[in-house]
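# A closer look at the structure
Next come the chains, spelled out residue by residue.
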Amino acid sequence: MTSTRKPSGVSRRNFLVGAAAGVTAAAMPSWGRLANATGHHHLNVGLIGFSVVNTLDPQKAGLNSDFWTLSALFNGLMRILPDGSVEPDLAESVSQENDTTYVFKLHKGVKFHNGEELTSEDVKFTLDRVLNVDTASPNRGKFTAIEQVEARDKYTVVVRLSVPSVPVITHLHNGVTGSQIISKKAFEEMGEAAFSKAPVGTGPFKVKEWRPSERLQMVAHTDYFRAGQPKVASCDILLIPEETSGGTAMLAGDIDLASTIPFADAPQLEADPNITISRLPGANWRYCALNLNKAPFDDVNFRRAVSMAFNRESVIKAAIFGEGSPMQGSIPSYLKTAYATYERPVCHFNPERARAEMAKGKYGEGTEAVVLTWGSGWWKRWSEIFAANINQVLGTKFTVEVTDANVAFQRYKAMEIDCSNTGWIGRMELDEYVGDCFRTDASRNFYKYSNTKVDELIDAGRAEFNPVKRGELYRMAEDIIVEECPVIFAFNNNAHNMWRTGVEGFVPTPGQHLGSQLGPVSVPS
Amino acid sequence: MGFIWYLIIRLGGALVTIAIGAVFVFILMQLIPGDPAIAALGENATDENVAAFRRVHGLDQPLPVQFWIWLTGIVQGDFGTSITLAQGYPVWDLMVQRLPNTLFIAVYALLIAVVIAFFAGSIAALRQGKMSDTAATSASVLGISMPDFWLSYVLILVFSLGLGVLPAFGFTSPMVSFSGALVNGALPAFAIAAPMAGVFARILRAALLETKRRDYVTAARSFGFRDTFVYMHYIFRNALIPFVTVIGVQVRYLVGGTVIIERIFGIAGLGSMMVDGAFGRDYAVVQACMLAFLVFVLGVNLIVDIICAFLDPRRTH
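Residues numbered from 1 in each chain as written. Chains lettered and ligands numbered in written order. Predicted model: local features only at pLDDT ≥ 70, side-chain atom pairs only at ≥ 80, totals over all residues. Heavy atoms only, no water.

## Quick look at helix 9 (residues 300-309) of chain A
Residues and elements named next belong to chain A.
- Counting buried positions over the 10 residues of helix 9 gives 9, a clear majority of the element.
- Of the residues making up helix 9, those classed as buried are Asn 301, Phe 302, Arg 303, Arg 304, Ala 305, Val 306, Ser 307, Met 308 and Ala 309.
- Capping the start of helix 9, Asp 299 holds a side-chain oxygen 3.1 Å from the backbone nitrogen of Asn 301, two or three residues further along. (Buried < 20%, exposed > 50% of the residue type's maximum accessible area, 1.4 Å probe, protein only. Helix = DSSP H or I, 4+ residues; strand = E, 2+ residues; numbered from the N terminus. Polar contact = N/O pair within 3.5 Å; in protein donor to acceptor, adjacent residues only side chain to side chain.)

Pasting the structure below:
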């Protein structure tokens, strides 16, 4: 029996060649930066030093990295300008009916990512959600002065406070606040779990895909209410936990814009003609928290002695490579109305005065204390230099204990420490640097500092609408706090951003709320 | 029949190990100090927030209850939900996103290492004492001696910043673009492969040299077989047994031990997920990753043993 194979017209060799060509064509690159070759403008943003964005739901968010990412998707009723002043954002105007009643008139025609129009019901829904205990929002504490939110008409929202409070209004901005306005309809349709992965806001970008601990892929919100924004068709925010990798990614052109720079790599990055680095005094403060209820920091003279034995300049030079400035209080210099420009001697390095101060108190040479810190980077270096400084000047026996951040913060909150080097970043409201940290029973007053006069000044500051007078009240409170040294004020580090040549429209701010700054940013195609 | 019994016994042992491992992992995670609420809620959280968080995520339940919920979930294929890494995200979904990246880089690095080792080890053994042996052996020592993170930055310096041909950061999942994964994974795969190739080449060289001296090899030569035939049938096959065993040991490292490389090149792999989960006290994530690693290691051990049994049938008796 014979069989005749019908010629297929495709020889084995041709088939293999064709198959190889097909596979090659199918596998043609569609990765990384070559995605830009499609002709549209794409922006790659590096969030350096962070490995986690826990949620994109603003009311549930608690981490700086959460807010620095999700703020690209939302707006607040208010916004903070680069100089620190506050102005309406989703609100067209804000007026006061009295000291405790604010009326927000919303812009008309503002669209959410799902095409729905923003109304007062969305604002009410958002603020009520933050305040609802069942939401378990870590941001609730900022808004407890709100008594009632009323949707007066489609575009008018009335917020009634229980007491006059300027901070509550500032906290309505698109930063580390949790007050970013969400779509009520989208939230109710999607449910909380789905909403937290692809939330619907009014921001310049909307979610394309969120890959946790890797990147947030976004596309332009073409109906964004600010004309001409966003400038790019798509944007990825990449998490870059390793700071050095952030530097190399920028040098290699894998990212266009970065949230910060590795302090040690600043000179090398600045030397590259394709990279621009911005440097501003940051919205942050670094300090050594003290356990005031335990020896040796229960003695004000010893605390003052430590403060004067601490050479802040040496830490700034050695630990953060000169990228900061000493602090003589908790208020950073960008808050100009409150920042103290005069000298506070207790925050200046003076070995003789330090020893004399220690001699007045209960503790002397040989006093032991453990400085708790975390990580292996500059936090550890800072702590080591701090301990060495104090030991050298006062003859004490300070040692450093290093643990991971979670344990350190847990012990710090519970005051299971002698002292701990720590700090806050990205805060825009003056009260967050004084009231939240030093008022009796304040949420971040873990060291349980208490002074009636300080409390009165803080309360007066919270209720004062005149910014200059308000700044003065907080500065007066800070004067008292500094003299009592409930913490050792250390330094303020610079807020950096870096971007590649061709990136236009980015305006650095002290708060570094990266996501909220991306609308006006353009890149060459 | 012997081989089937061998397999059944091995699989049974693996299941018992996984069960013990699950208990051990759960207890270990609970013993670590720290609080997931702090990791998830950040510095603004009040005690009231923390209590609500613990209640919502079942962290206020007694440990045996938490263990039972977790265990019954695992049995039903539910690995739980992330609480600090990606709040509300099913852990299984996170693993599915990352597993292809981890496996791709592992296989990529392994292939590079094996190919290099085959050539370097064979040349060194066949030309023992000559220049090519010295060169291959020296290169192996160099590969073993270079820390992978250091090599990573050297590769970035040369190929990304210098020549500009490969990216310094960012990885594309092979599920999105296979060619993208090949290109973006080239530097990390080579950084991982270089030390492994050094180890493999030295093991292969030693095994080949030892086998070369065996009596049966001398006997084969005395039959007048050609060198290539003797090498392939008498030397190489028998020398593969220690080689495969060492590959098995290294492969275990590939899945969970390349966190630094993942960090440097921005690869979202299982190793870095577990580390992030551990720092955030995301119990469900860490427990799932540990179980995955355990299953993987047991699987690799089984495969290695099967290959060795195939190469040397005496092992199944």
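After that view of the structure, there is still more to cover.
## Focus: the confidence of the model for chain A
Residue and element names in this part refer to chain A.
- Counting all residues, the mean pLDDT for chain A is 90, and 92% of those residues have values of 70 or more.
- Contacts from residues 1-10, a stretch scored under 50 in pLDDT, to residues over four places away or in other chains number 1 contact.
- Confidence drops under a pLDDT of 50 for residues 20-39, and excluding neighbours within four residues, the segment shows 20 contacts in the predicted structure. (pLDDT = per-residue confidence, 0-100. Contact = heavy atoms within 4.5 Å.)

## Topic: the domain arrangement of chain A
Residue and element names in this part refer to chain A.
- Structurally, chain A comprises domain 1 (2-73 + 203-281 + 495-517), domain 2 (78-187) and domain 3 (284-493).
- Across the contact, 12 residues belong to domain 1 and 12 residues belong to domain 3.
- Buried area between domain 1 and domain 3, summed over both chains or domains, comes out near 1100 Å², and the portion from carbon and sulfur atoms is 63%.
- Together, Asn 64, Phe 263 and Pro 281 form the three largest contributors to the area buried by domain 1 at its contact with domain 3, with a combined 48%.
- Linking domain 1 with domain 3 are 1 salt bridge, by the criterion used here.
- For Glu 323, the salt bridge identified is with Arg 279, shortest N-O distance 2.7 Å.
- Our enumeration of links across domain 1 and domain 3 arrives at 3 residue pairs in polar contact (both at pLDDT 80 or more).
- Mapped onto the side of domain 1 that touches domain 3, the elements with two or more residues apiece are helix 2 (64-70), strand 12 (275-281) and strand 18 (487-500).
- Across the side of domain 1 that touches domain 3, the residue classes break down as 7 nonpolar, 4 polar and 1 charged. (Domains from an automatic or database assignment. Buried area = accessible area lost by both parts, 1.4 Å probe. Salt bridge = Lys/Arg side-chain N within 4 Å of Asp/Glu carboxyl O. Nonpolar A, V, L, I, M, F, W, Y, C, P; charged D, E, K, R; others polar.)

## Structural notes on the environment of Ala 186 of chain A
Residue and element names in this part refer to chain A.
- Among the structural elements, Ala 186 can be located in helix 5 (residues 184-190).
- Put simply, Ala 186 and Asn 114 are 72 residues apart on the chain and 7.6 Å apart in space, counted from C-alpha to C-alpha.
- Sequence-distant contacts of Ala 186, defined by excluding residues within four places in its chain, comprise Asn 114, Gly 191, Phe 195 and Val 200.

## Comments concerning the interface of chain A and chain B
- Contacts between chain A and chain B engage 52 residues on the former and 49 residues on the latter.
- Summed over both sides, the interface between chain A and chain B buries roughly 4200 Å², with carbon and sulfur atoms accounting for 52% of that surface.
- One can count 2 salt bridges joining chain A with chain B.
- The shortest N-O distance in the salt bridge between Arg 281 of chain B and Asp 404 of chain A comes to 3.0 Å.
- At the boundary of chain A with chain B, the tally comes to 15 residue pairs in polar contact (both at pLDDT 80 or more).
- Residue classes in the side of chain A that touches chain B are distributed as 23 nonpolar, 16 polar and 13 charged.

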